[in-house]
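Architecture at a glance
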Amino acid sequence: MCGIAGLAGADAVRHQATVAAMGLAQHHRGPDGTRHLISADGRAVLSMNTLLIVDTAAAPGPYLDPASGIVLTFNGEIYNYRQVAAVWGIPLEPGETDAHLVLRAWAKLGPGCLAGLDGMFALAAYDPREGRLFLARDRLGEKPLYWRLDGGRLAFASEVTTLTGYGTAPLVVRPEMLSIETPTGADTPFQGIQLLPPAGLLAFDVGTGSLVQQIWWQLEGLEPWQGDYKTALARLSTLLADRIPLRAPGSDFALLLSGGLDSSVLAYLMRPQVCVTVRYPGQDRLDESATAAVVARDIGAELVIIEPTAADFARTLPEIMHALDYPMGNASTFSEHMAYRAIAERGIRVVVGGLGPDEFLMGYVRHALVLFGPEAVLGAGLDAYRPLASKLSDGPLEPAEAIVRLILRGQDPDGRLREVVADALARADGDLARGLTLADLTTAWRPLVMTSDKLASAFALERRSPFLARDLVEFCYRLPAEHKIADPAAGKRILRDAAKALGLPPEVWGSRDKLGFASPVPSWLSGPLEPWATAQISSALDQAPVSLRPLLAGGLKPGGRFDRTRMQALMAAAWFSDHMLAAAA
């Protein structure tokens, strides 16, 4: 998990001190060295915070190709880099890594090399032969990359706060922050700063100041799977066995093991040395530690059980919000933060988690509610989800309306969320399961991958999500809905059957409810932490801009056990307070 930053423009060389400061601002992302390089023509300065994973003796970045003059700064991992180097005839010397492959591939193929890379990355490459700076991001946005254009210069960084330090950026409360807790698309809560989208490619011409953006990969247009279920199951089992182990590092690593299906499959296929799970005393419904213990014992791994308290949450909230840069809607945020802390304390540098199957194989209860209807879901034994199902009680509804109701956590006064969901369904060519996947990737996905990266990076950890291997993602997307879910209470049908075929215990593949790393924070905020939360929100409300006040005021109203309104308001209050402290400094 590295960090990248830089600036390109006609007079970039005059701003190398600024770029050096930008690199130092995110040094926690790469404790093995922070350096910057100036291009031969002086029109680009690139910085990199290096975290050495592939080869701990490798030289830190940025990287220069002497023959072409191309300068590269790189964050991430390319898992197939040795295979690609062999196919493309690109030599790699002892001690050279995936970054060197990308550097030489870019010199040889330009942006066309991206299609051959299987991994997670955010990169910037300046080519003096063309006078253009390129920014690129991996297919599913595992690694963040922000940018801004000011005075004919383009600046970029792995973290928003690095760019707010480069120049002023007033707070802007985006409509989606009120409806689903997180901005969508390229927006951020900082005026003038944008997030490069997943699979985004930006080219900036330093001579003219013009820029062009495009998407270099997309799911839409993939042909549906034509084989039968037995053939599909065999194919998925092969892909899992081939692709997942490639994501394991050569050194010790930890696995976030919830005890659920996804992380357990990773445990058996990757054999981590350490498994970390989170449980909350007195919260039996959120406790999957018994299953996690079975899995850890089977694979011979050490099981570390974290038991966070309400006091831990109150103490660490400022740290969490500082790491996130801005509020993001993710129910597992606190649990992940505490798990990453424990992993870092053991001196481990790589952590693996199970993102992906829920979105691509219909693993969320909301998917079942849209596909089967609330009566079928409740009749299948998921009575705990009655409050969620009640949002569809006046149905039947059109799929777009049902999806919006299920993911909406606040107000959508201008209909922005409805537009986003309708667009996702339209791009799915009539396949509702695909539409649900695309809707997730446009709304709820961003906070999941972003919190994973940002919280892990705060502890100098590299976070890997093996289920996001390109072949796996594309194959799962292509499958018909009945291969993904046939029982309203048992999504991810084909992954369950693959787990069964791989010999995982029934406790894993037979589970009919998804828990993950959910926490009891919402109930704490209406219980033991209520006075503290009210004081934090009220304090921020007195100083907040008008656009932020409705969100904060909502957190002062009574909420139910699973209501996240107060949590949303509290995170916004902590974010605003952190921003004010940074501005004062």
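About the cut-offs
Residues numbered from 1 in each chain as written. Predicted model: local features only at pLDDT ≥ 70, side-chain atom pairs only at ≥ 80, totals over all residues. Heavy atoms only, no water. Salt bridge = Lys/Arg side-chain N within 4 Å of Asp/Glu carboxyl O. Helix = DSSP H or I, 4+ residues; strand = E, 2+ residues; numbered from the N terminus. Buried < 20%, exposed > 50% of the residue type's maximum accessible area, 1.4 Å probe, protein only. Contact = heavy atoms within 4.5 Å. Arc of directions from axis to C-beta. Pairing = 2+ DSSP bridges. Axes fitted to C-alpha atoms, helices over the stretch in contact; angles between N-to-C directions. Core = buried A, V, L, I, M, F, W, Y, C linked by side-chain atoms within 4.5 Å. Parallel < 35°, antiparallel > 145°, perpendicular 65-115°, else oblique. Left-handed = near helix turned anticlockwise from the far one by under 90°. Nonpolar A, V, L, I, M, F, W, Y, C, P; charged D, E, K, R; others polar.

Time to look at the pattern of salt bridges. Counting across every chain of the model gives 33 salt bridges. Ionic pairing is found between Asp 32 and Arg 349, a salt bridge with its closest N-O pair at 2.5 Å. With Asp 32 in the loop between α1 (16–25) and β2 (34–38) and Arg 349 in the loop between α10 (333–345) and β16 (350–352), this pair connects stretches of sequence that are 317 residues apart. With a shortest N-O distance of 3.8 Å, Glu 77 and Arg 464 are connected by a salt bridge. Taken as a pair, Glu 77 in strand β5 (residues 71–78) and Arg 464 in strand β17 (residues 462–464) lie far apart in primary sequence, 387 residues in all. Classification of Arg 464 by relative accessible area gives buried; the value is 4%. Salt bridges here are not isolated pairs; linked through shared partners, they connect Asp 394, Glu 401, Arg 405, Asp 412 and Arg 418.

On the secondary structure map, Ala 203 appears in strand β11 (residues 200–205). Of the residues examined, Ala 203 reaches a relative accessible area of 9% and is grouped as buried. Along the backbone, Ala 203 and Ala 344 are 141 residues apart, and their C-alpha atoms lie at a distance of 37 Å. Leaving out residues up to four positions away in the same chain, Ala 203 has contacts with Arg 132, Leu 133, Phe 134, Ser 210, Leu 211 and Val 212.

What α1 keeps buried is the set Val 19, Met 22 and Gly 23. Projected down its long axis, α1 shows its buried positions confined to an angular sector of 100 degrees, all on one face. Turned more than 90 degrees from where α1 packs its buried face, Ala 17 and Leu 24 sit exposed. Buried residues in α1 make contact with β1 (3–8), β2, β3 (44–49), β9 (153–157) and α4 (160–166).

Turning next to the sheet that holds strand β15 (residues 302–306). Pairing within the open sheet is parallel, and its 5 strands lie in the order β15-β14-β13-β16-β17. In this open sheet, the two edge strands, each paired with only one partner strand, are β15 and β17. Going from strand to strand, the sheet's axes swing by 25 degrees on average, the running direction of each strand aside. As defined by bridge partners, strand β13 (residues 254–256) adjoins strand β14 (residues 274–278) across 3 bridges and the pair is classed as parallel. Counterpart to Leu 255 in the pairing with β14 is Cys 275. Relative to β15, helix α8 (residues 289–299) is tilted by about 160 degrees, and along the sheet it contacts β14 and β15.

A few words now on helix α7 (residues 261–270). The α-helix winds at 3.6 residues per turn, so residues separated by three or four positions along the chain end up facing the same way. In terms of burial, α7 is a largely internal element, 10 of the 10 residues being buried. Residues of α7 that are buried include every one of Leu 261, Asp 262, Ser 263, Ser 264, Val 265, Leu 266, Ala 267, Tyr 268, Leu 269 and Met 270, and no others.

So, about the nonpolar core. Counting residues in hydrophobic clusters, the biggest one holds 177 residues, and the most contacted among them are Trp 106, Leu 114, Leu 123, Leu 240, Phe 313 and Ile 343. A per-element tally of this core places helix α26 (residues 565–584) first, with 9 residues. Beyond its immediate stretch of four places on either side in the chain, Trp 106 contacts Ile 70, Pro 111, Cys 113, Leu 114, Leu 123, Ala 125, Phe 134 and Leu 201. Among the nonpolar cores identified, the runner-up in size contains 18 residues, and Val 71, Ala 124, Tyr 126 and Leu 135 belong to it.

Where helix α6 (residues 229–243) contacts helix α19 (residues 470–478), the axes come no closer than 10 Å and their chain directions differ by 160 degrees. Accordingly, the angle class assigned to the pair α6 and α19 is roughly antiparallel. The chirality of how α6 crosses α19 is left-handed. Contacts between α6 and α19 involve Ala 232, Arg 235, Leu 236, Leu 239, Leu 240 and Arg 243 from the former and Asp 471, Leu 472, Phe 475 and Cys 476 from the latter. Its residues assigned to classes, the contact of α6 with α19 shows 7 nonpolar, no polar and 3 charged.

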